[in-house]
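Spelled out, the chains give:
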Amino acid sequence: MSYWFQSSERAHIMVIDDSVEELQVLLTALRGAGHRISLDFDALGGYRRAAVLQPDLILLDAHLGATSGFEACRLLKADPTTAHIPVIFLSAGATLEERLTGLREGGVDYILKPFESEEVLVRISVHLALARAQKPDDVAEAPRRPLESEDEAPHDLDRVIARAAQRLIESDLANIPPLPALAARVGTHEKRLTRAFRAHTGRTVLEFAREERLSRAQHLLAQTLLSIEDVAHAIGFSGAANFTTAFKERFGSTPAAHRRLCRGCACGA
């Protein structure tokens, strides 16, 4: 079958999937449409290759063994060299919550398995066109990461892991997961996340989360009419009393005094 977009939308597509049988159908369709293909069966390996190869679009299986597609997507979106690449998730029998998770983590679309090849190709074409339309006119190419030595690669990945963890913390300050769960959600273990976070932020994960919570509290106190109790809950404190204690220790004034000061000087903390 001939597709209308073959001549104008040929691109470099990276496929990260470990379903070998389903891959044959997908790869045949992609080659038939004239796309250049890179293939990886592992989430972290796929992320590393994407950082070097800079594909135009990534098809990413949501379930990839030890490290899921969601964790790989968090790393891709936390890395400035890959954040611009559209990611389409592939999954068999995905629940609504799983589809929403994929979109929240930065995916642009979700295709359910078993899929129709024509649907995949049309969706790829749509997202390639959107990505190209959104690219600034003065940016011809995304920055490409130089090939790294074995010693440099882990250091670089640590930076991305730390950034991905920061994004997760900032996205929901009221429900920051415990350190082991946070590490798992960015595709690593507790010890490496702790080391990476301290190396690239100068703080522990706990220190960073506490500072972000209190900084967000400053903004909420100045810019909203939420009660002190509601502000406390919105940033993950169990109640107004311990929030007030932490806020005063950090800023030298109570939340109520900070709010009065901001209203008096019309500040936008």
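The sections below set out a description of the structure shown in this document. This one's a predicted model, so the numbers in the text were calculated from it and none came from an experiment. (Residues numbered from 1 in each chain as written. Predicted model: local features only at pLDDT ≥ 70, side-chain atom pairs only at ≥ 80, totals over all residues. Heavy atoms only, no water.)

1. Concerning helix α11 (residues 240–251)
To be explicit about the condition: Helix and strand labels come from DSSP, where a helix needs a run of H or I of at least four residues and a strand needs a run of E of at least two; each type is numbered from the N terminus. Helix span, as expected, comes to 1.5 Å for every residue beyond the first. For the exposure calls, accessible area comes from a 1.4 Å probe over protein chains only, and a residue counts as buried if that area is under 20% of its type's maximum, exposed if over 50%, partly exposed in between. As used here, the arc is the angular range of directions from the helix axis to the C-beta atoms.
For α11, built from twelve residues, the straight-helix expectation of 16 Å at 1.5 Å per residue is met to within 8% by its first-to-last C-alpha distance of 16 Å. Taken residue by residue, α11 has F243, A246 and F247 as its buried positions. The arc that holds the buried residues of α11, viewed along the axis, is 100°, so those residues lie on one side. More than 90 degrees from the buried face of α11, the exposed residues found are A241 and E249. Of the residues trailing α11, G252 is marked for its positive phi of about 80°.

2. A closer look at a nonpolar patch on the surface
Operational definition: Candidate patch residues must exceed 30% relative accessible area and have no salt bridge, after which like charges are joined if within 9 Å and Val, Leu, Ile, Met, Phe, Trp or Tyr side chains if within 5 Å. Note on areas: Shrake-Rupley with a 1.4 Å probe; residue coverage comes only from the protein chains shown. By convention in these notes, a salt bridge is any Lys or Arg side-chain nitrogen within 4 Å of a carboxyl oxygen on Asp or Glu.
On the surface, L96, L100 and L103 cluster together to form a nonpolar patch covering roughly 250 Å² of accessible area. Turning to its location among the elements, L96 is positioned in helix α4 (residues 96–104). Of the residues examined, L96 reaches a relative accessible area of 53% and is grouped as exposed.

3. Some words on the pairing of strand β4 (residues 87–92)
The two faces of the sheet receive side chains in turn, since in a regular strand these alternate between them. Selection criterion: Here the rule is simple: two strands pair whenever DSSP picks up at least two bridges between them. When the strands point away from the viewer and the connection leading from the first strand across the helix to the second strand turns clockwise, the crossover is called right-handed.
Summarising burial for β4: five of the six residues are buried, a large majority. In this sheet, β4 lies alongside strand β3 (residues 57–61) in parallel orientation, the contact comprising four bridges. Note on β4: the bridge partner recorded for D61 is L90. You can see the chain leave β3, run along helix α3 (residues 69–78) and come back into β4, and the turn it takes is right-handed. As judged from the five bridges shared by β4 and strand β5 (residues 109–113), these two strands associate in the parallel manner. Each residue of the ladder has a partner; that of L90, found in β5, is I111. After leaving β4, the chain enters α4 and then returns to the sheet as β5, a path that is right-handed.

4. Some thoughts on the pattern of salt bridges
Counting across every chain of the model gives eleven salt bridges. Residue E105 pairs with R74 through a salt bridge whose shortest N-O separation is 3.1 Å. Pair noted here: E105 is in the loop between α4 and β5 and R74 is in helix α3, with a separation of 31 residues, a long-range link. What makes E105 buried here is its relative accessible area of 13%. Judged by relative accessible area, which is 8%, R74 ranks as buried.

5. So, the nonpolar core
Note the following rule: Residues belong to a common nonpolar core when they are buried Ala, Val, Leu, Ile, Met, Phe, Trp, Tyr or Cys residues joined through side-chain atoms within 4.5 Å. Contact criterion: two residues are considered in contact whenever any of their non-hydrogen atoms come within 4.5 Å of each other.
Grouped together as the largest cluster of nonpolar side chains are 37 residues, with contacts concentrated most on I58, L60, F89, I169, L193 and F197. When residues in this core are grouped by element, the largest group, eight residues, is from helix α6 (residues 152–171). Apart from the residues lying within four places of it in its own chain, the contact partners of L60 are I16, G69, A72, C73, V87, I88, F89 and L90. Core analysis: the second largest hydrophobic core is formed by 19 residues, A11, A29, A33 and L121 among them.

6. Points about the sheet that holds strand β2 (residues 36–40)
Just so we agree on the cut-off: Where helices are involved, their axes are fitted lines through C-alpha atoms of the stretch in contact, as for all axes, and angles between N-to-C directions lie from 0 to 180°.
Pairing in this open sheet of five strands is parallel, and the strands run β2-β1-β3-β4-β5 from one edge to the other. Of all the strands in the sheet, just β2 and β5 have a single pairing partner and so form its edges. Looking at each pair of strands side by side, their axes are set apart by 20° on average, direction ignored. Of the pairings in the sheet, the one linking strand β1 (residues 12–16) to β2 comprises five bridges and is parallel in character. Bridge pairing links I13 to I37 in β2. Where helix α2 (residues 43–53) meets the sheet, its contacts fall on β1, β2 and β3, and the angle it forms with β1 comes to roughly 165°.

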